[in-house]
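Residue-level listing of the chains:
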Amino acid sequence: MNQHTRFNLPICLAVEEDAFFHSDRIIRDYIPDMIGQKTIIVSEQFLIDIYKEKIYDISHDFGGAEIIAMGAASFDEAVAIAKKVCIEDIKVIIGIGGGRVLDTAKYAAHISKAVYICMPTSLSNDSLASPFAVLETVGSARKTIECKIPTAIIVDTNMIINAPEGQTLSGIGDTIAKHTALYDWKLSASKSSSRVEDFAYALSRMSFDSVYHCDERNMKSRVFIRILSRALVMGGLAMEIAGSSRPCSGSEHLFAHAIEEYYPGVKISHGLAVALGTIPACIFQGQDPSGIMCFFKSHGLDFDPRSYGITPEMFADMWEKARTVRPGRITVLDTFAHDEKQVGEIYARMTEGI
Ligand SMILES: [Zn+2]
């Protein structure tokens, strides 16, 4: 890890109004080789129902591409799609949907060696351009698996503006998490033989800065959606360049993983879980979290743990479990002992919002 010099970058990153209606032109401009290649579209039934017109338009542009409504976002589903792609000589997979669809389609393209075109319908996290797919393996247990990043990323700003607000807030959370992730990455490098990849670090830092310092706070504005989409893509590329998720994932992500693994009953999206984790992580790192708390408030991102049914006891346990969910990943949590009283004070501060 960190020693590799090979990485891929997408050929195309188009962030445009009504881009899904213009996908034929975008493909012609950026990846003309794909025209006339046998293609399938992977999505989910409810999205196919909602976005019928756009999805059928894209299918038409790709020579009547078959539209598949996938089931679970699982390893088995990805393998089944890959099998179909190989047997039927399909050359291009287009994923249209949220994180579940995009991760499944991305992994299916990776194992079938098909070209992957990513078309997000919401911006809930940075997996859209990351070299990882999170897939169910056994039952609902999920695993993060390495894979190839997309060849093309096409973001339709109109589509994202109309996506549920919670999804965009989640994407904001995953972007702000880079602040504490980058601190932990540097800390880890100082305590081990690994090193920080400067360029990946800079990309991830710019991703954070572009959103954190953005004057436009209206999540339904095109300007904001453009900035957020690019920020999430840059986060994915930072991981690709670093050859690890370190530029985007530190102790705040360990907290989110602890919720996912030990408290599956807590209904909170990945991006909001890491947003909640970023505030304590800042405090553990000796950084002042008030700027980030103000920022979250200005977007209406609710970081009161009670809103998600998280009690003080659960919160303390989540932080204790966070220390063990990813053995070998050095973060600020390795530099001090778990202190229930301190975690309790942080909980109180988050409920009061100060
Ligand atoms: Zn994340």
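Everything numeric here is computed off the predicted structure, so don't read it as measured data. (Residues numbered from 1 in each chain as written. Predicted model: local features only at pLDDT ≥ 70, side-chain atom pairs only at ≥ 80, totals over all residues.)

A. Spatial organisation of the overall build of the protein. Across its full length, the protein carries 15 helices and eight strands. The C-alpha atoms of the protein give a radius of gyration of 20 Å, which matches the 20 Å a tight globule of 354 residues would have. Its C-alpha atoms give the protein principal-axis dimensions of roughly 60 × 40 × 40 Å. Residue pairs at least 24 apart in sequence account for 76% of intrachain contacts in the protein once pairs closer than 6 positions are excluded. (Helix = DSSP H or I, 4+ residues; strand = E, 2+ residues; numbered from the N terminus. Rg over C-alpha atoms; globule rule 2.2 N^0.38 Å. Contact = placed C-beta atoms within 7 Å.)

B. A look at the sheet that holds strand S2 (residues 39–43). Read across the sheet, six strands follow the order S1-S8-S5-S4-S2-S3 without closing on themselves; strand pairing throughout is parallel. With partners counted over all chains shown, the strands left at the sheet margins are strand S1 (12–16) and strand S3 (66–69), one partner each. The average undirected angle you get between the axes of adjacent strands in this sheet is 15 degrees. Across six bridges, strand S4 (residues 92–97) lies against strand S5 (residues 115–120) in parallel orientation. The partner of Gly-95 across the bridge, within S5, is Cys-118. The strands touched by helix H10 (residues 222–242) are S1 and strand S8 (152–156); relative to S1, the strand with the most contacts, the crossing angle is about 160 degrees. (Pairing = 2+ DSSP bridges. Axes fitted to C-alpha atoms, helices over the stretch in contact; angles between N-to-C directions.)

C. Main features of the pairing of S5. Counting buried residues along S5, six of its six residues qualify, which places the element largely inside the surrounding structure. Taken together, S4, helix H5 (residues 99–112) and S5 form a β-α-β motif whose crossover is right-handed. Bridging between S5 and S8 involves two bridges; their strand directions are parallel. Within S8, the position partnered with Ile-117 by the bridge is Ala-152. (Buried ≥ 20, exposed ≤ 12 C-beta atoms within 10 Å, placed from the backbone. Right-handed = clockwise from strand over helix to strand, strands pointing away.)

D. Geometry of the packing of helix H7 (residues 165–176) against helix H9 (residues 198–212). Put simply, H7 and H9 touch, their axes get as near as 9 Å, and they point 130 degrees apart. In terms of orientation, H7 and H9 fall into the oblique class. Where H7 crosses over H9, the two elements pack in a sense that is left-handed. Along the contact surface, H7 presents Ile-172, Thr-175 and Ile-176, while H9 presents Ser-207, Phe-208, Val-211 and Tyr-212. (Parallel < 35°, antiparallel > 145°, perpendicular 65-115°, else oblique. Left-handed = near helix turned anticlockwise from the far one by under 90°.)

E. Structural view of the domain arrangement of the protein. By the assigned domains, the protein splits into domain 1 (12–161) and domain 2 (165–352). Inter-centroid distance (C-alpha atoms) of domain 1 to domain 2 is 27 Å. Contact with domain 1, which involves 20 residues of that partner, is made by 24 residues of domain 2. Those elements giving two or more residues to the side of domain 1 that touches domain 2 turn out to be S1, S8 and helix H6 (157–161). A per-class count over the side of domain 1 that touches domain 2 returns twelve nonpolar, six polar and two charged. (Domains from an automatic or database assignment. Nonpolar A, V, L, I, M, F, W, Y, C, P; charged D, E, K, R; others polar.)

F. How the structure looks around the nonpolar core. In this structure, Val-42, Ile-93 and Ala-108 are the most contacted members of the largest nonpolar core, which totals 107 residues. Here this core takes twelve residues from H10, the largest share from any one element. Each of two domains, domain 1 (12–161) and domain 2 (165–352), supplies a minimum of three residues to this core. (Core = buried A, V, L, I, M, F, W, Y, C linked by C-beta atoms within 7 Å.)

G. Seen up close, the environment of Ser-298. Along the chain, Ser-298 falls in helix H13 (residues 290–299). Residue Ser-298 is classed as exposed on the basis of its 9 C-beta neighbours within 10 Å. A sequence separation of 80 residues divides Ser-298 from Asn-218, and the C-alpha atoms of the two residues are 9.4 Å apart.

H. Region of the structure containing H9. Here H9 spans 21 Å end to end across 15 residues, near enough to the 21 Å set by a 1.5 Å rise per residue. Listed as buried for H9 are Ala-200, Tyr-201, Leu-203, Ser-204, Ser-207, Phe-208 and Val-211. End-on view of H9: buried residues confined to an arc of 165 degrees, all on one side of the axis. Structurally, H9 contributes buried residues whose contacts are with H7, helix H8 (178–190) and H10. (Expected span 1.5 Å × (residues − 1). Arc of directions from axis to C-beta.)

I. Main features of the environment of Ser-221. Within the secondary structure, Ser-221 is located in the loop between H9 and H10. Separated by 63 residues in sequence, Ser-221 and Asn-158 place their C-alpha atoms 9.6 Å apart.

J. Structural detail: the packing of helix H11 (residues 251–262) against helix H12 (residues 270–284). Two elements in contact, H11 and H12, have axes separated by 7 Å at closest approach and are oriented at 130 degrees. Taken together, H11 and H12 sit at an angle that is classed as oblique. Both H11 and H12 take part in a crossing whose hand is right-handed. Here H11 contributes Ser-251, Glu-252, His-253, Phe-255, Ala-256 and Ile-259 to the contact with H12, which in turn contributes His-270, Ala-273, Val-274, Gly-277, Thr-278, Ala-281 and Phe-284.

K. Up close: H7. Spanning twelve residues, H7 covers 17 Å between terminal C-alpha atoms, matching the ideal 16 Å at 1.5 Å per step. Most of H7 sits inside the fold, with ten of its twelve residues counted as buried. Those residues of H7 that sit buried are Gln-167, Thr-168, Leu-169, Ser-170, Gly-171, Ile-172, Gly-173, Asp-174, Thr-175 and Ile-176.

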